[in-house]
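So you can see what is in the structure, the chains are spelled out below.
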Amino acid sequence: MTTTDIPEGFERRTRRSPLTDPWEPLYSKTTDKAVIIGLRLAKPHTNGRGLIHGGLIAALADNAMGHSCAHVMGGLSSLVTISLAVDFVGNAEVGQWLAVESDVVKTGRTICFVQSLVKADDVVIARANATFRVVPKKE
């Protein structure tokens, strides 16, 4: 895979976690309203039938929505997931570009509401929504 396989505006993510390490390389694109997470789908992202695993989709949606809330709130707080719901409306296959595009619905002092569309080659395959608890960052 070359960098030409990555859509314009996406850069390699620098924030890593043990959960997402096996899924690397992950990419992101930051807008004024969201952090979009994307990746080129590969065999390690599949279930036993060769389709992209729903757990991967849910985890990436949770990740993108949390980062989007934090971004919109100025990066001054950490967030923890209170609730997460994902509706699967299609499927994706190896080789497609998966992108999680979030929309922060409302932020408050202690809570953030966000929704997202998960797309494979620009076709919606899932929608998600989540509620996050705002937790002050530890110094």
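Predicted, not measured: the structure shown is a model, and the values here were computed from it.

Chemist: Which residues make up the overall build of the protein, and what values go with them?
Modeler: When its secondary structure is counted, the protein shows one helix and seven strands. Each helix (α) and strand (β) of the protein, taken in turn from the N terminus, gives the series β-β-β-α-β-β-β-β. In terms of C-alpha radius of gyration, the protein reaches 15 Å, essentially the compact-globule figure of 14 Å for 139 residues. Once the C-alpha set of the protein is aligned to its principal axes, its extents read approximately 40 × 30 × 25 Å. In the protein, which comprises 139 residues, the proportion classed as buried is 40%. When contacts within the protein are restricted to residue pairs at least 6 apart in sequence, those whose partners lie at least 24 apart make up 60%. Carbon and sulfur atoms provide 51% of the accessible area of the protein, an area that totals close to 8,000 Å². Both charge centroids of the protein, one from 16 positive and one from 14 negative side chains, sit 7 Å from each other.

Chemist: Break down the sheet that holds strand β7 (residues 123-136) for me, with residues and values.
Modeler: In space, the seven strands of this open sheet follow the order β1-β2-β3-β5-β6-β7-β4, with antiparallel pairing throughout. Pairing within the sheet leaves two strands with one partner each, and these edge strands are β1 (11-12) and β4 (77-88). Taken together, the four bridges between strand β2 (residues 27-30) and strand β3 (residues 35-40) define a ladder with antiparallel strand orientation. Bridging across to β3, Thr-30 finds its partner in Val-35.

Chemist: Give me the lowdown on the packing of aromatic side chains, citing residues and values where you can.
Modeler: This structure, assessed with the given rule, holds two aromatic pairs. When the centroid spacing of 5.1 Å and the interplanar angle of 75° are considered together, the rings of Phe-10 and Trp-97 count as edge-to-face. Of this pair, Phe-10 sits in the segment before β1 while Trp-97 is found in strand β5 (residues 97-107), placing the two residues 87 residues apart along the sequence. Take Phe-10 and Trp-97: they sit in the same class, and that class is buried.

Chemist: Any chance you could break down the side chain of Ser-77 for me, citing the residues and the numbers?
Modeler: Here Ser-77 shows up in strand β4. Beyond its immediate chain neighbours, meaning those up to four positions away, Ser-77 contacts Ala-70, Val-134, Val-135 and Lys-137.

Calculation rules
Residues numbered from 1 in each chain as written. Predicted model: local features only at pLDDT ≥ 70, side-chain atom pairs only at ≥ 80, totals over all residues. Heavy atoms only, no water. Helix = DSSP H or I, 4+ residues; strand = E, 2+ residues; numbered from the N terminus. Rg over C-alpha atoms; globule rule 2.2 N^0.38 Å. Buried < 20%, exposed > 50% of the residue type's maximum accessible area, 1.4 Å probe, protein only. Contact = heavy atoms within 4.5 Å. Areas by Shrake-Rupley, 256 points an atom, 1.4 Å probe, with all protein chains shown as cover. Lys, Arg positive; Asp, Glu negative; His and termini not counted. Charge placed at Lys NZ, Arg CZ, Asp CG, Glu CD. Pairing = 2+ DSSP bridges. Phe/Tyr/Trp six-rings, centres within 6.5 Å; stacked < 30°, edge-to-face > 60°.

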